[in-house]
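# Fold and contact review
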Amino acid sequence: MSKEGLPEISVNGKGRKVAVIAAQWYGKVTDALTERASQTLEEAGAEVTVVRVPGTFELPVACARLADKFDAMIALGVVVRGGTPHFDYVCEGATQGLIQVMVDTGKPIGFGVLTCNTEQEAIDRSGLPGSAEDKGREAAEAVLATLEAIESV
């Protein structure tokens, strides 16, 4: 895991309504991602609503349906490679779906979908104690910074 190129982001969420939409698969990891994203948003002053969906594949439709109610969303999920092409279909479908929602709605979505070879790789990115990375926090910071950037012009 490399943090090379990771920007330092200062965020302000005051007056922002942000939905954290998280899959339920790999609950230990998605719970940690949700906790870290929500904590980051709250520390920045944003109003946070958490919505849970069954899996990563359901994230785009949830974001699409909630886009009118929020300034931004954060999509959190975990897909671990297995022995079938399922991994590829879920990862591509979720990613393309989230991109389409952003383009269609003009609302930023923080991308916190972990696509890993093993469950341990997901744990290492989850923000749990001892984790090397904190992708929930990074997704929250990115979405707030994006909101600020696109509204400043």
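Residues numbered from 1 in each chain as written. Predicted model: local features only at pLDDT ≥ 70, side-chain atom pairs only at ≥ 80, totals over all residues. Heavy atoms only, no water.

For clarity, the cut-off: UniProt positions are given in the numbering used here, feature names are shortened, and annotations may be inferred rather than shown by experiment.
You'll find the protein chain entered in an unreviewed UniProt entry as 6,7-dimethyl-8-ribityllumazine synthase, with Propionimicrobium lymphophilum ACS-093-V-SCH5 given as the organism. Under the UniProt heading Function (unreviewed entry), the note attached to the protein chain is "Catalyzes the formation of 6,7-dimethyl-8-ribityllumazine by condensation of 5-amino-6-(D-ribitylamino)uracil with 3,4-dihydroxy-2-butanone 4-phosphate. This is the penultimate step in the biosynthesis of riboflavin."

## Digging into helix 1 (residues 27-43)
As a reminder of what qualifies: Strands here mean DSSP runs of E at least two residues long; helices mean DSSP runs of H or I at least four residues long; both are numbered from the N terminus. Multiply 1.5 Å by the residue count of a helix minus one, and that product is the helix's expected span. When accessible area is computed with a 1.4 Å probe and restricted to protein chains, residues below 20% of their type maximum are described as buried, those above 50% as exposed, and intermediate ones as partly exposed. Note on contacts: a residue pair qualifies if any of its non-hydrogen atoms lie within 4.5 Å across the two residues.
Compared with an ideal rise of 1.5 Å per residue, which puts 17 residues at 24 Å, helix 1 spans 24 Å between its outermost C-alpha atoms and is within 8% of the ideal. Among the residues of helix 1, those classed as buried are Val 29, Thr 30, Ala 32, Leu 33, Thr 34, Arg 36, Ala 37, Ser 38, Thr 40 and Leu 41. Considering only its buried residues, helix 1 is in contact with strand 1 (17-23), strand 2 (47-53), strand 3 (72-80), strand 4 (109-116), helix 4 (119-124) and helix 5 (135-151). Backbone geometry just after helix 1 places Gly 45 at a positive phi near 95°.

## Re the environment of Ala 145
One can find Ala 145 in helix 5. C-alpha of Ala 145 to C-alpha of Val 11: the two residues are 134 residues apart in sequence and 5.8 Å apart in space. Excluding anything up to four places from it in sequence, Ala 145 contacts Ile 9 and Val 11.

## So, the pattern of salt bridges
Applied cut-off: Take a side-chain nitrogen of Lys or Arg and a carboxyl oxygen of Asp or Glu: if they are within 4 Å of each other, that pair is a salt bridge.
Under the definition given, this model contains nine salt bridges. The partner of Arg 36 in a salt bridge is Asp 134, and the shortest N-O contact between them spans 2.7 Å. Linking Arg 36 in helix 1 with Asp 134 in the loop between helix 4 and helix 5, this pair joins segments that are 98 residues apart in sequence. Each member of the pair, Arg 36 together with Asp 134, is buried. Of the charged contacts in the structure, one is a salt bridge between Glu 43 and Arg 137, with a shortest N-O distance of 3.5 Å. Pair noted here: Glu 43 is in helix 1 and Arg 137 is in helix 5, with a separation of 94 residues, a long-range link. One network of salt bridges, with partners in common, ties together Arg 125, Glu 133, Lys 135 and Glu 138.

## Points about the packing of aromatic side chains
Our working rule: Two rings from Phe, Tyr or Trp (for Trp, the six-membered ring) form a pair when their centres sit within 6.5 Å of each other. Planes less than 30 degrees apart are called stacked, planes more than 60 degrees apart edge-to-face, and all others tilted. By definition, being over a ring means that NZ of Lys or CZ of Arg is both within 6 Å of the ring centre and within 35 degrees of the ring normal.
Overall, the coordinates contain one aromatic pair when judged by the stated rule. With a centroid separation of 6.3 Å and 45° between ring planes, the pair formed by Trp 25 and Tyr 26 is classed as tilted. On the basis of relative accessibility, which here comes to 27%, the residue Tyr 26 falls in the partly exposed class. The positively charged end of Lys 17 is found above the aromatic ring belonging to Phe 70, 5.8 Å away from the centroid.

## Points about unusual backbone geometry
The phi dihedral of Tyr 26 falls on the positive side, at around 55°, and the residue is not glycine. Along the chain, Tyr 26 falls in the loop between strand 1 and helix 1.

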